[in-house]
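# Results of the structural survey
Letter by letter, the chains look like this.
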Amino acid sequence: MPEEDLVELRFRLYDGSDIGPICYSSSSTVAMLKERIISEWPRDKKIIPKLANDIKLISAGKILDNSKTVSQCRPSFGELPGGVITMHVVVQPSSAKSKTEKNVDELPKKTACSCSIL
């Protein structure tokens, strides 16, 4: 693999700690990056993703699509030689999504509203 084909990435976690920097092929997909993040995730964190779908990667303010390659996601300002590109990791576990939806559905529904003006 030629050296110019490698991209150095760092993943910033929710608490400000990092995974990496690690060199990846520019043909690696975002889904592959997510799998690597899960395998490298520090076990002492309160929130631990279990699936690649539990993670969203953000680079240059955009949520990255799983099917895109690293070269397609590279920001234009990340072209500095020897520069490390930092991507932010947002964890949203699948179970948290379903619990949130369930809680909204379980809220008591009021049929009438009452106000008192004094």
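Before any of the text, the structure's been laid out above.
Notes on the structure follow. What you see is a predicted model; the values in this text were computed from it and never measured.

Among the secondary structure elements, Ile38 is positioned in helix α1 (residues 30–40). We classify Ile38 as buried; its relative accessible area is 12%. Residues Ile38 and Lys50 lie 12 residues apart in sequence; the distance between their C-alpha atoms is 6.9 Å. If we ignore the near neighbours within four places in the chain, the residues touching Ile38 are Arg43, Pro49, Lys50, Leu51, Ala52 and Ile55.

Turning to the nonpolar core, a few remarks are in order. Judged by nonpolar contacts, the single largest core of 22 residues is most densely connected at Leu9, Phe11, Leu33, Ile37, Leu57 and Val89. When residues of this core are traced back to their parent elements, those giving at least two are β1 (6–12), β2 (18–25), α1, β3 (55–59), α2 (70–73) and β5 (85–91). Setting aside anything within four residues of it in sequence, one finds Leu57 in contact with Phe11, Val30, Leu33, Lys34, Ile37, Lys62, Ile63, Leu64, Met87, His88 and Val89.

What follows is about the pairing of β1. Of the two faces of β1, the one holding Val7, Leu9 and Phe11 is buried and the one holding Leu6, Glu8, Arg10 and Arg12 is not buried anywhere. Between the end of β1 and the start of β2, which pair antiparallel, lie 5 residues, with Gly16 showing a positive phi angle near 95°. Direction of pairing for β1 relative to β5: parallel, over a ladder of 4 bridges. Each residue of the ladder has a partner; that of Leu9, found in β5, is Ile85.

The strand order across the open sheet formed by 5 strands is β2-β1-β5-β3-β4, and the pairing between neighbours is mixed. On the outer flanks of this sheet lie β2 and β4 (62–63), each paired with one strand and no other. Across the sheet, α1 touches β1, β2, β3 and β5, and the angle it forms with β3 is around 115°.

Parameters and conventions
Residues numbered from 1 in each chain as written. Predicted model: local features only at pLDDT ≥ 70, side-chain atom pairs only at ≥ 80, totals over all residues. Heavy atoms only, no water. Helix = DSSP H or I, 4+ residues; strand = E, 2+ residues; numbered from the N terminus. Buried < 20%, exposed > 50% of the residue type's maximum accessible area, 1.4 Å probe, protein only. Contact = heavy atoms within 4.5 Å. Core = buried A, V, L, I, M, F, W, Y, C linked by side-chain atoms within 4.5 Å. Pairing = 2+ DSSP bridges. Axes fitted to C-alpha atoms, helices over the stretch in contact; angles between N-to-C directions.

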